[in-house]
Amino acid sequence: VLGFALQYRIGQLYMISKHSHEQSDRGEGVEVVQNEPYEDPNHGNGQLTEKRVYLNSKLPSWARAVVPKIFYVTEKAWNYYPYTITEYTCSFLPKFSIHIETKYEDNKGSNDSIFDKEAKDLEREVCFIDIASDEIPERYYKESEDPKFFKSQKTGRGQLKEGWRETHQPIMCSYKLVTVKFEVWGLQTRVEQFVHKVVRDILLIGHRQAFAWVDEWYDMTMDEVREFERATQEATNKKIGIFPPAISISNISMPSSTRSAPSSAPSTPLSTDAPDFLTVPKDRPRKKSAPETLTLPDPSK
């Protein structure tokens, strides 16, 4: 079990780096701001990653009508595998946040009480994601990344047919508790529903890719995938035209007294005061061809 858990972690890190690089171009994409060891008194040693996701052109037309021309979403992830916390905030909307807690177990998704200690009183909707059977947006589909057709040369895994979760070994499940908040009158329900759909699509696409890319990362050690992550992050930052200080990744633990895990969504510096009320201009032209989904990186990490 430990061997497969390590395989999943390596595959996850590889997928996030490669996917972010593929989706970044022309000033938009994923800028890695911070990636360093992090120690928490409760969860132990982990990794803190902070990213800025520039994605204005990928927003649907109704969202572009109410946001600045250039903005970014900040992603902070505290990875204490097999437990992670990921939080998203917006550069100009302090009332918007996404909070994702992730736990990993070696089962097929049969633990219905895994998050019983977290947010007991909140209404929840359980959504199962099947990487082989669920449909993805057509523009993201690649036959080479379809688990129904892909067959790994190194592991023999693949060609997941209907009912694969009942028979396939080894198997594990990524459980995610996703909370979306957008406290702006008139747009709250629409934005929250949209974000939940986006998060679901991201998780589906990302895990399909991690499975289909297994022959690329299967022989990697943790040190090798961390080096791949560092090199890819540097190349991605250059690809979107951002040149921050060089990113260093180390396995040296930081003192627990200097850092602690977050208790709520981190605040994001604002360039301007956020409006108390936002409405979509009636006379603003809408492009019928505007995309209805956006792409973010896998919020697990």
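Owing to the predicted nature of the structure, the values given are computational and were not obtained by experimental measurement.

Q: Describe the overall build of the chain, with residues and values.
A: Along the chain, the regular secondary structure elements total six helices and six strands. Its helices and strands taken in sequence order, the chain reads α-β-β-α-β-β-β-α-β-α-α-α from the N to the C terminus. Evaluated residue by residue, the chain yields a buried proportion of 49% over its 301 residues. Pairs at least 24 residues apart make up 70% of the contacts formed inside the chain by residues separated by at least 6 positions. Carbon and sulfur atoms make up 51% of the accessible area of the chain, which totals about 16,400 Å².

Q: I'd like to hear about the sheet that holds strand β2 (residues 44-54), residue by residue, with values.
A: Taking strand neighbours across the sheet as the criterion, the six strands line up as β1-β2-β3-β4-β5-β6 in an open arrangement whose pairing is antiparallel. One side of each edge strand has no neighbouring strand; the edge strands of this open sheet are β1 (29-40) and β6 (173-182). Direction aside, the axes of adjacent strands within the sheet are offset by 15° on average. Note that strand β3 (residues 72-80) and strand β4 (residues 83-90) share eight bridges and pair antiparallel. For Asn79, the partnering residue across the bridge sits in β4 and is Thr84. Lying on the sheet, helix α4 (residues 188-212) is in contact with β5 (96-105) and β6; it crosses β6 at an angle near 155°.

Q: Run through the side chain of Asp146, naming residues and quoting values.
A: On the secondary structure map, Asp146 appears in the loop between β5 and α3 (164-167). The buried category is assigned to Asp146, whose relative accessible area is 2%. For Asp146, the side chain forms a polar contact with the side chain of Tyr141, separated by 2.7 Å. In this structure the side chain of Asp146 is engaged in a polar contact, spanning 3.0 Å, whose partner is the backbone nitrogen of Lys148. Not counting residues up to four positions away in its chain, the partners in contact with Asp146 are Ala132, Tyr141 and Arg208.

Q: I'd like to hear about the pattern of salt bridges, residue by residue, with values.
A: For the structure shown, the criterion picks out twelve salt bridges. A salt bridge links Lys197 to Asp201; the shortest N-O distance between them is 2.9 Å. In this pair, Lys197 and Asp201 both sit in helix α4, four residues apart, roughly one turn of the helix. For Lys197, a relative accessible area of 44% translates into the label partly exposed. One salt bridge in this structure joins Glu227 and Arg230, with 2.8 Å as the shortest N-O distance. With Glu227 and Arg230 both in helix α6 (residues 222-239), this residue pair falls three residues apart, about one helical turn. Through salt bridges that share partners, Glu227, Arg230, Glu234 and Lys238 make up one connected network.

Q: Tell me what's going on with the packing of aromatic side chains, and back it up with residues and numbers.
A: Evaluation of the coordinates by the stated rule reveals eight aromatic pairs. Between the aromatic rings of Phe150 and Phe211, the centroid separation amounts to 5.9 Å while the plane-to-plane angle is 75°, which identifies the pairing as edge-to-face. In this pair, Phe150 sits in the loop between β5 and α3 while Phe211 sits in helix α4, placing the two residues 61 residues apart along the sequence. Here Phe150 and Phe211 have matching classes, each one buried. An aromatic cluster is built from Tyr8, Tyr81 and Tyr104, whose rings are joined through pairwise contacts. Across the ring face of Trp213, the terminal group of Lys18 is positioned such that the distance to the ring centre comes to 4.2 Å.

Reading guide: rules and limits
- Residues numbered from 1 in each chain as written.
- Predicted model: local features only at pLDDT ≥ 70, side-chain atom pairs only at ≥ 80, totals over all residues.
- Heavy atoms only, no water.
- Helix = DSSP H or I, 4+ residues; strand = E, 2+ residues; numbered from the N terminus.
- Buried < 20%, exposed > 50% of the residue type's maximum accessible area, 1.4 Å probe, protein only.
- Contact = heavy atoms within 4.5 Å.
- Areas by Shrake-Rupley, 256 points an atom, 1.4 Å probe, with all protein chains shown as cover.
- Pairing = 2+ DSSP bridges.
- Axes fitted to C-alpha atoms, helices over the stretch in contact; angles between N-to-C directions.
- Polar contact = N/O pair within 3.5 Å; in protein donor to acceptor, adjacent residues only side chain to side chain.
- Salt bridge = Lys/Arg side-chain N within 4 Å of Asp/Glu carboxyl O.
- Phe/Tyr/Trp six-rings, centres within 6.5 Å; stacked < 30°, edge-to-face > 60°.
- Lys NZ or Arg CZ within 6 Å of the ring centre and 35° of its normal.

Everything listed here is a matter of coordinates, which is why it stays silent on function.
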